[in-house]
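Descriptive structure summary
Spelled out, the chains give:
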Amino acid sequence: AHFEEALVGVRPADDRVAGPFKALLYDSHWRDVMALSMSAAELSLHGVLAHGTLRETEQASAHTAPGVYFVRPSPANMARILKDVKRNAYESYHIFLSGPSSDACIA
């Protein structure tokens with residue numbers, strides 16, 4: 001339920017953009033969680049325009065849509081998100097972390 005609430009709460013900053021579309025990116029742990037939680041059809045009902053693992057979406061971008069990340073707080077995942085931010089891959093960034101993290105990983 002928390003996953004679904006997070007998706008519903010993310011909206012594009014520019015209200016001139018048609019629809020509450022978003023890109024959903026996740027790591028392998030969250031891929032498994034989502035497979036049990038929601039179907040692709042249900043994701044689309046929540047405005048998910050595109051979705052995939054961090055590895056599958058390495059070069060993807062949607063400059064007018066928010067990027068929504070569900071990841072474990074690992075150095076590799078944080079580096080990937082930072083890479084997306086630096087290349088302006090998405091309109092905004094919404095990051096949901098699960099599991100313990102170190103200060104070094106988040107900083």
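Here the structure is shown first, and the text comes after it.
Figured I'd write up the structure that's included with this text. (Residues numbered from 1 in each chain as written. Predicted model: local features only at pLDDT ≥ 70, side-chain atom pairs only at ≥ 80, totals over all residues. Heavy atoms only, no water.)

1. Here's the deal with the overall build of the chain
Counting its secondary structure elements, the chain contains five helices and four strands. Reading the helices (α) and strands (β) of the chain from amino to carboxyl end gives α-β-α-α-β-β-α-β-α. A burial count over the chain gives 38% of its 107 residues as buried. Once local pairs closer than 6 in sequence are excluded, the contacts in the chain between residues at least 24 apart make up 79%. On the chain, roughly 6,300 Å² of surface is accessible, and the fraction owed to carbon and sulfur atoms is 58%. (Helix = DSSP H or I, 4+ residues; strand = E, 2+ residues; numbered from the N terminus. Buried < 20%, exposed > 50% of the residue type's maximum accessible area, 1.4 Å probe, protein only. Contact = heavy atoms within 4.5 Å. Areas by Shrake-Rupley, 256 points an atom, 1.4 Å probe, with all protein chains shown as cover.)

2. Let's talk about the sheet that holds strand β2 (residues 48-53)
Sheets are built from strands that pair by backbone hydrogen bonding, the pairs being arranged parallel or antiparallel. One open sheet accounts for four strands, arranged β2-β1-β3-β4; its pairing is parallel. Each end of this open sheet is capped by a strand with a single partner; those strands are β2 and β4 (93-97). Within the sheet, the average angular offset between the axes of one strand and its neighbour, ignoring direction, is 15°. Where strand β1 (residues 22-26) and strand β3 (residues 67-71) come together, four bridges link them in parallel fashion. (Pairing = 2+ DSSP bridges. Axes fitted to C-alpha atoms, helices over the stretch in contact; angles between N-to-C directions.)

3. Focus: the layout of surface pockets
Quantified by volume, the largest pocket comes out at close to 230 Å³. Lining the largest pocket are Tyr-26, Asp-27, Ser-28, Arg-31, Thr-53, Leu-54, Arg-55, Glu-58, Arg-72, Ala-76, Asn-77 and Arg-80. Of all the secondary structure elements, the ones that give two or more residues to the lining of the largest pocket are α2 (28-37) and α4 (75-86). For the lining of the largest pocket, the leading source of residues is α4, giving three residues. Classifying every residue of the lining of the largest pocket by side-chain character gives three nonpolar, three polar and six charged. (1 Å grid on protein atoms, 1.4 Å probe; cavity = no way out; pocket = protein on both sides within 12 Å on 5 of 7 lines; lining within 4 Å. Points joined across faces, edges and corners; volume = space filled by probe spheres on them. Nonpolar A, V, L, I, M, F, W, Y, C, P; charged D, E, K, R; others polar.)

4. Observations concerning the pairing of β1
With five of its five residues buried, β1 lies for the most part within the structure. Two elements, β1 and β2, share five bridges in a ladder whose sense is parallel. By the bridge assignment, Lys-22 is partnered in β2 with Val-48.

5. Side note on the environment of Ser-37
Following the sequence through the fold, Ser-37 ends up in helix α2. Along the primary structure Ser-37 and Glu-4 are separated by 33 residues, whereas in three dimensions their C-alpha atoms are 8.9 Å apart. Within polar-contact distance, the side chain of Ser-37 engages the backbone oxygen of Val-33 at 2.8 Å. (Polar contact = N/O pair within 3.5 Å; in protein donor to acceptor, adjacent residues only side chain to side chain.)

6. Observations regarding the pattern of salt bridges
Enumeration according to the criterion identifies four salt bridges in this entry. Here Arg-72 ties to Asp-27 by a salt bridge, and the two come within 3.3 Å at their closest N and O atoms. Remark: Asp-27 occurs in the loop between β1 and α2 and Arg-72 occurs in the loop between β3 and α4; sequence separation between them is 45 residues. Of the residues examined, Arg-72 reaches a relative accessible area of 37% and is grouped as partly exposed. We classify Asp-27 as buried; its relative accessible area is 4%. Residues Asp-84 and Arg-80 are paired through a salt bridge, measuring 3.1 Å at the closest nitrogen-oxygen approach. Taken together, the residues Asp-84 and Arg-80, both in helix α4 and four residues apart, mark about one turn of the helix. This pair shows no difference in class: Asp-84 is buried, exactly as Arg-80 is. (Salt bridge = Lys/Arg side-chain N within 4 Å of Asp/Glu carboxyl O.)

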